[in-house]
Amino acid sequence: MEVHQEDNGKKGSFYILLEGKKEAEMTYTWAGTHRMIIDHTEVSDALRGKSAGKQLVMKAVEFAREKGIKILPLCPFAKSVFQKTAEIQDVL
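Being a predicted model, the structure only gives us computed values, none of them experimental.

1. Things to note about the pairing of strand β2 (residues 11-18)
Okay, step 1: Pairing analysis gives five bridges linking strand β1 (residues 3-7) to β2, with the strands arranged antiparallel. The residue of β2 that forms the bridge with His 4 is Tyr 15.
Okay, step 2: Linking β1 back to β2 in an antiparallel pair, the connection comprises three residues, with Gly 9 at a positive phi of about 95 degrees.
Okay, step 3: Here eight bridges tie β2 to strand β3 (residues 21-30), and the two strands are oriented antiparallel to one another.

2. Focus on the sheet that holds strand β5 (residues 70-73)
Okay, step 1: Strand order in the open sheet made by the five strands is β1-β2-β3-β4-β5, with mixed pairing throughout. Here the strands that pair on one side only, and so sit at the sheet edges, are β1 and β5. Looking at each pair of strands side by side, their axes are set apart by 30 degrees on average, direction ignored.
Okay, step 2: On top of the sheet, helix α2 (residues 76-84) reaches β4 (35-43) and β5; it is set at about 120 degrees to β5, its chief contact.

3. Topic: the nonpolar core
Okay, step 1: Counting 26 residues, the largest nonpolar core has Phe 14, Met 36, Ile 38, Val 57, Ile 71 and Phe 82 as the members making the most contacts within it.
Okay, step 2: Of all the elements in the fold, those that place two or more residues in this core are β2, β3, β4, α1 (52-67) and α2.
Okay, step 3: Element by element, the count of residues in this core is highest for α1, at seven residues.
Okay, step 4: With near-sequence residues (within four places) excluded, Met 36 lies in contact with Phe 14, Tyr 28, Thr 29, Trp 30, Phe 63, Ile 69, Lys 70, Ile 71 and Leu 72.

What counts as what
- Residues numbered from 1 in each chain as written.
- Predicted model: local features only at pLDDT ≥ 70, side-chain atom pairs only at ≥ 80, totals over all residues.
- Heavy atoms only, no water.
- Pairing = 2+ DSSP bridges.
- Helix = DSSP H or I, 4+ residues; strand = E, 2+ residues; numbered from the N terminus.
- Axes fitted to C-alpha atoms, helices over the stretch in contact; angles between N-to-C directions.
- Contact = heavy atoms within 4.5 Å.
- Core = buried A, V, L, I, M, F, W, Y, C linked by side-chain atoms within 4.5 Å.
- Buried < 20%, exposed > 50% of the residue type's maximum accessible area, 1.4 Å probe, protein only.

In short, shape yes, function no, at least from these values alone.
Structural data, given as structure tokens:
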């Protein structure tokens, strides 16, 4: 699964397309220039159980590391991924 990103400078999302349709999406809002707030994650039934949500979080972590920014996971799903995965807590 390929994770795509959209960003308009204020808000953005990481998402997965399946046959041209968004089947998984994690949205975020910028809090200044050095922090992004993950506010929602949604995965369709078509991708449920295939680690799509975790892939979205991992792509956000990769993005944060590349840009030297921090992530505030307000979304319960994203927060749980951070709590369970010690090696990504450097971006918190």
